[in-house]
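Coordinates in review
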Amino acid sequence: MPYTESAYTDSDCARARRAFPSLARTVNGRPIAFLDGPAGTQVPEPVIAAIAGYYRTSNANQHGEFVTSRETDHLIEGTRDAVAAFLGAASGREISFGPNMTTLTFALSHALVREMKAGDEIVITRLDHEANRGPWLHLQERGIAIREVALLPDGTLDPGDFARQVTERTRLVAIGAASNALGTVNDLALARRLSAAVGAWLLVDAVHYAAHFPVDIQAFDCDFLLCSAYKFYGPHIGLLYARPGLLDRLRTDKLSTQDDAAPFRIETGTLNHAALAGVLAAVEFIASWGRGETLRERIVSAMTGIASHEHAVAAHYYDTVRQIPGVRVWGPDFSTTRRAPTVSITVDGVPARDVAHRLGDAGLQVWDGHFYARRAIETLGLAERGGVVRTGICMYNTREEIDRLVEEIERLTP
Ligand SMILES: Cc1ncc(COP(=O)(O)O)c(C=O)c1O
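Scope of this entry: the structure provided in the associated data block. (Residues numbered from 1 in each chain as written. Predicted model: local features only at pLDDT ≥ 70, side-chain atom pairs only at ≥ 80, totals over all residues. Heavy atoms only, no water.)

Looking now at the nonpolar core. By size, the foremost hydrophobic cluster in this structure holds 88 residues, and its most contacted members are Leu 87, Phe 162, Leu 225, Phe 232 and Met 395. At 10 residues, the largest contribution of residues to this core is made by helix 9 (residues 273-287). Residues contacting Met 395, with those up to four places away along its chain left out, are Tyr 8, Cys 13, Ala 16, Phe 20, Tyr 233, Phe 285, Trp 289, Ile 306, His 309 and Glu 310. With 30 residues, the next largest nonpolar core counts Ile 345, Leu 364, Ile 393 and Leu 412 among its residues. (Core = buried A, V, L, I, M, F, W, Y, C linked by side-chain atoms within 4.5 Å. Buried < 20%, exposed > 50% of the residue type's maximum accessible area, 1.4 Å probe, protein only. Helix = DSSP H or I, 4+ residues; strand = E, 2+ residues; numbered from the N terminus. Contact = heavy atoms within 4.5 Å.)

Laid out in structure tokens, this is it:
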């Protein structure tokens, strides 16, 4: 992710903020600072308009011989192509849709286990969100052995342990690209090397990563990648990339009436068409902040610029909050750009829930707890005190919001 120069300036940020109607809200007389993006970002007007517009004009089921149905077919095809551009995939036919990442991952686990036998192994990590652990842990019932990569105290995965966990029996390595709890960006090149050496599939949970960095499927060289549009200014829709030729061969849970080919093979029932209109608008909204000839170029340019802005704001938080006595910051430091703009802290003597409550009353919306990355929070010994307080930075957050946040945290400390 080489980004040295920001094409997304403070005035771009100010302009972007005007596109998000919810940012105008106040709480207790103060503007709301939405620092809860890792649990879902706010949605800009063009996305809201696209969803409403679909219902106003084109609401229909697919594959009919009439205009609204044809428009729906066209919309869904266009959304697949836009998501392919967003992820760097070669074609929209590599993109499947589902209600969310977790549901798609369970669906995939049902299909992949049919290709495995008792004694086969799946490698997961202690850092991952449960959505990329639970579906695989369930397969223990089917005789599949699960091996977990260890988490180091600095919030990074142990590369030596990773190499030990991958064996000749490994059939799948399931790893997050970035941690939604600690902001760690994982070494996917290592994951690719280790999985390729034993002929295992590589599955990447890019839910947190895709919200903050340009995704490059070709560079990841993974077999499956999942993300969720509601983390990048879109509606609640899960997205699955599958390597061409792979999904077509899998025995997914499907109806006999359903299309056998990828990408439809894993899409059960009627999709949320209006939300898909919103996904397309979200990708186009992101691209509108970039430059280039093609949609892909504009997306990469925009995400690179936005990443630089987010990194600067998050680094400002990291640098100031850790000066407060009694505050401890968890996860990797900001000396590297291989770091998501998501910063978790604990405050000595104040449970995470109380910190979040006090900040919430001041209009500073941050999450407390484990955010479903429960294994990571337990491993770091933070579960007993209610986990951590997580601040997530995205394209609409500012240094001023961080200054307000830091001031309020200072008031909380003894
Ligand atoms: C890293 C990560 N993976 C997976 C998920 C689950 O995504 P979804 O809500 O789309 O199932 C989340 C949601 O917070 C996440 O942050």
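Looking along the chain, the bond that leaves Ala 262 and enters Pro 263 is cis, with omega of 5°. Tracing the backbone shows Pro 263 in the loop between strand 10 (238-242) and helix 9. Of note in this structure, Asp 221 is not a glycine but carries a positive phi near 55°. One can find Asp 221 in the loop between helix 8 (217-220) and strand 9 (224-228). By relative accessible area, which is 33% here, Asp 221 ends up partly exposed.

As a matter of local geometry, the ligand sits amid Asn 100, Met 101, Thr 102, His 129, Ala 131, Asn 180, Asp 205, Val 207, Ser 228, Tyr 230 and Lys 231. Within the side chain of His 129, one N or O atom sits 3.4 Å away from an oxygen atom of the ligand. Of the residues that constitute the shell around the ligand, the class distribution is four nonpolar, five polar and two charged. (Near = heavy atom within 4 Å. Polar contact = N/O pair within 3.5 Å; in protein donor to acceptor, adjacent residues only side chain to side chain. Nonpolar A, V, L, I, M, F, W, Y, C, P; charged D, E, K, R; others polar.)

Our next topic: the sheet that holds strand 9. A sheet is described by the order of its strands in space; here seven strands give the open sequence 4-10-9-8-7-5-6, paired in mixed fashion. The open sheet has two edge strands, strand 4 (95-98) and strand 6 (145-149), and neither has a second partner. Neighbour-to-neighbour, the strand axes of this sheet turn through a mean angle of 20°, independent of strand direction. For strand 7 (residues 170-176) and strand 8 (residues 201-205), the ladder comprises five bridges, and the chain directions are parallel. Bridge pairing in strand 8 places Gly 176 opposite Asp 205. Packing of helix 7 (residues 188-197) onto the sheet brings it into contact with strand 7 and strand 8, and relative to strand 8 it is tilted by some 160°. (Pairing = 2+ DSSP bridges. Axes fitted to C-alpha atoms, helices over the stretch in contact; angles between N-to-C directions.)

Assignment of secondary structure puts Asp 368 in strand 14 (residues 367-369). Of the polar contacts made by the side chain of Asp 368, one reaches the side chain of Arg 353; its length is 3.0 Å. Beyond its immediate chain neighbours, meaning those up to four positions away, Asp 368 contacts Ala 352, Arg 353, Ala 356, Val 388 and Val 389.

One pass over the structure, following the stated rule, counts one cavity of 30 Å³ or more. There is about 30 Å³ of room inside the largest cavity. Lining the largest cavity are Ile 345, Thr 346, Val 347, Val 350, Pro 351, Ala 352, Arg 385, Gly 387, Val 388 and Val 389. For the lining of the largest cavity, the elements supplying multiple residues, two or more each, are strand 12 (342-347) and strand 15 (388-392). Sort the elements by how many residues they give to the lining of the largest cavity and strand 12 lands first, with three residues. (1 Å grid on protein atoms, 1.4 Å probe; cavity = no way out; pocket = protein on both sides within 12 Å on 5 of 7 lines; lining within 4 Å. Points joined across faces, edges and corners; volume = space filled by probe spheres on them.)

Our next topic: the pattern of salt bridges. As enumerated under the stated definition, the model contains 23 salt bridges in all. Glu 121 is the salt-bridge partner of Arg 147, the closest N and O atoms lying 3.6 Å from each other. Taken together, the residues span a long stretch of sequence, with Arg 147 in strand 6 and Glu 121 in strand 5 (residues 121-125) at a distance of 26 residues. Residue class for Glu 121 comes out buried when judged on its relative accessible area of 9%. In this structure, Glu 148 and Arg 133 form a salt bridge, with 2.8 Å as the shortest nitrogen-oxygen distance. Here Arg 133 lies in the loop between strand 5 and helix 5 (134-137) and Glu 148 lies in strand 6, a separation of 15 residues in the sequence. Through salt bridges with shared partners, a single ionic network connects Arg 126, Glu 130, Arg 133, Glu 148 and Arg 375. (Salt bridge = Lys/Arg side-chain N within 4 Å of Asp/Glu carboxyl O.)

Here helix 11 (residues 352-361) crosses helix 13 (residues 399-412) at 130°, and the two axes come no closer than 10 Å. Here helix 13 runs oblique to helix 11, going by the angle between their axes. Regarding helix 11 and helix 13, the two cross each other, and that crossing is right-handed. Of the residues in helix 13, those in contact with Val 355, Arg 358 and Leu 359 of helix 11 are Leu 405, Glu 408, Ile 409, Arg 411 and Leu 412. (Parallel < 35°, antiparallel > 145°, perpendicular 65-115°, else oblique. Left-handed = near helix turned anticlockwise from the far one by under 90°.)

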